[in-house]
Amino acid sequence: MARRLPLSKLHISKRLQWASNHMSYGDKWMAVLFGDEKKWNLNGPDGNIKYWHDLRKEPRSFFSRQSGGGSVMVWAAFSFNGQVGLAFLDGRQNSPKYIETLENHLMPFSENIGGRNW
């Protein structure tokens, strides 16, 4: 498998343009926050029933747990001034739950990223 994403010349050009436009962003970066969430499944990725393996080696075995085996969803964010602690989320994230996540985990941190000016 390739160790990097196959970027087209257009993708490369747009990324370089974005980076060039933001090189002089200066202190404004102090008011930017990056956040994301990730789900981990106990028995592998959702909907993935096949895997790649080296044909010169024995296939790996796997098993399924009764009732799916479970998963965990984690949300986190960081800025120039630090990071928000990990938030372990319950169930699927819809709009009301995501707002609750931001209220409970991001808003207490917001004073560290510029008070009300971020």
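For every chain, the first residue of the written sequence is number 1, and numbering continues from 1 onward in sequence order. Local features in a predicted model are, by the rule used here, given only for residues with pLDDT of at least 70; side-chain atom pairs are given and counted only at 80 or more, and totals for whole chains, interfaces and linings are based on all residues. Here the side-chain values reflect all heavy atoms present in the structure, with hydrogen atoms and water set aside.

Observations regarding the pairing of strand 3 (residues 82-89)
Here is step 1 of the chain: Strand pairing is assigned whenever DSSP identifies at least 2 bridges connecting the two strands. Numbering goes from the N terminus for both helices and strands, where a helix is a DSSP run of H or I of at least four residues and a strand is a run of E of at least two. One ladder, built from six bridges, connects strand 2 (residues 71-79) with strand 3; its direction is antiparallel. Each residue of the ladder has a partner; that of Phe78, found in strand 3, is Gln83.
Here is step 2 of the chain: Counting the residues that bridge the hairpin from strand 2 to strand 3 gives two residues.

What to know about the nonpolar core
Here is step 1 of the chain: Definition of nonpolar core: a set of buried residues of the types Ala, Val, Leu, Ile, Met, Phe, Trp, Tyr and Cys, connected through side-chain atoms within 4.5 Å. Exposure categories follow from relative accessible area, calculated using a 1.4 Å probe and restricted to protein chains: below 20% of the type maximum is buried, above 50% is exposed, and the middle band is partly exposed. If you look at the biggest cluster of nonpolar residues, it comprises eight residues: Met73, Trp75, Ala77, Val84, Ala87, Leu89, Leu106 and Phe109.
Here is step 2 of the chain: Those elements that provide at least two residues to this core are strand 2 and strand 3.
Here is step 3 of the chain: Among all residues touching Val84, those that are not within four sequence positions of it are Trp75, Ala77, His105, Leu106 and Phe109. We call two residues contacting when some pair of their heavy atoms lies within 4.5 Å.

As for a nonpolar patch on the surface
Here is step 1 of the chain: A surface patch of nonpolar side chains, amounting to about 390 Å² of accessible area, comprises Leu5, Leu7, Ile12 and Leu16.
Here is step 2 of the chain: Tracing the sequence through the fold places Leu5 in the segment before helix 1 (9-22). Exposure above 30% relative accessible area and no salt bridge define the residues that can form patches, which grow by joining like charges within 9 Å and nonpolar side chains of Val, Leu, Ile, Met, Phe, Trp and Tyr within 5 Å. Here, Shrake-Rupley sampling with a 1.4 Å probe gives the accessible areas, and only protein chains in the shown set may cover a residue. Definition used for salt bridges: Asp or Glu carboxyl oxygen within 4 Å of a side-chain nitrogen of Lys or Arg.

Considering the sheet that holds strand 2
Here is step 1 of the chain: Taken together, the three strands give an open sheet; going across it, the order is 1-2-3, and neighbouring strands pair in antiparallel fashion. Every interior strand has two partners, whereas the edge strands, strand 1 (33-41) and strand 3, have only one. Neighbouring strand axes in the sheet, compared pairwise and without regard to direction, differ in orientation by 15 degrees on average.
Here is step 2 of the chain: Where strand 1 lies against strand 2, nine bridges are found, and the strand directions are antiparallel. If you follow Leu33 over to strand 2, its bridge partner there is Ser79.
Here is step 3 of the chain: Every angle, taken between N-to-C directions, lies between 0 and 180 degrees, and every axis is a line fitted to C-alpha atoms, over only the stretch in contact when it is a helix. Packing of helix 2 (residues 95-106) onto the sheet brings it into contact with strand 1, strand 2 and strand 3, and relative to strand 2 it is tilted by some 50 degrees.

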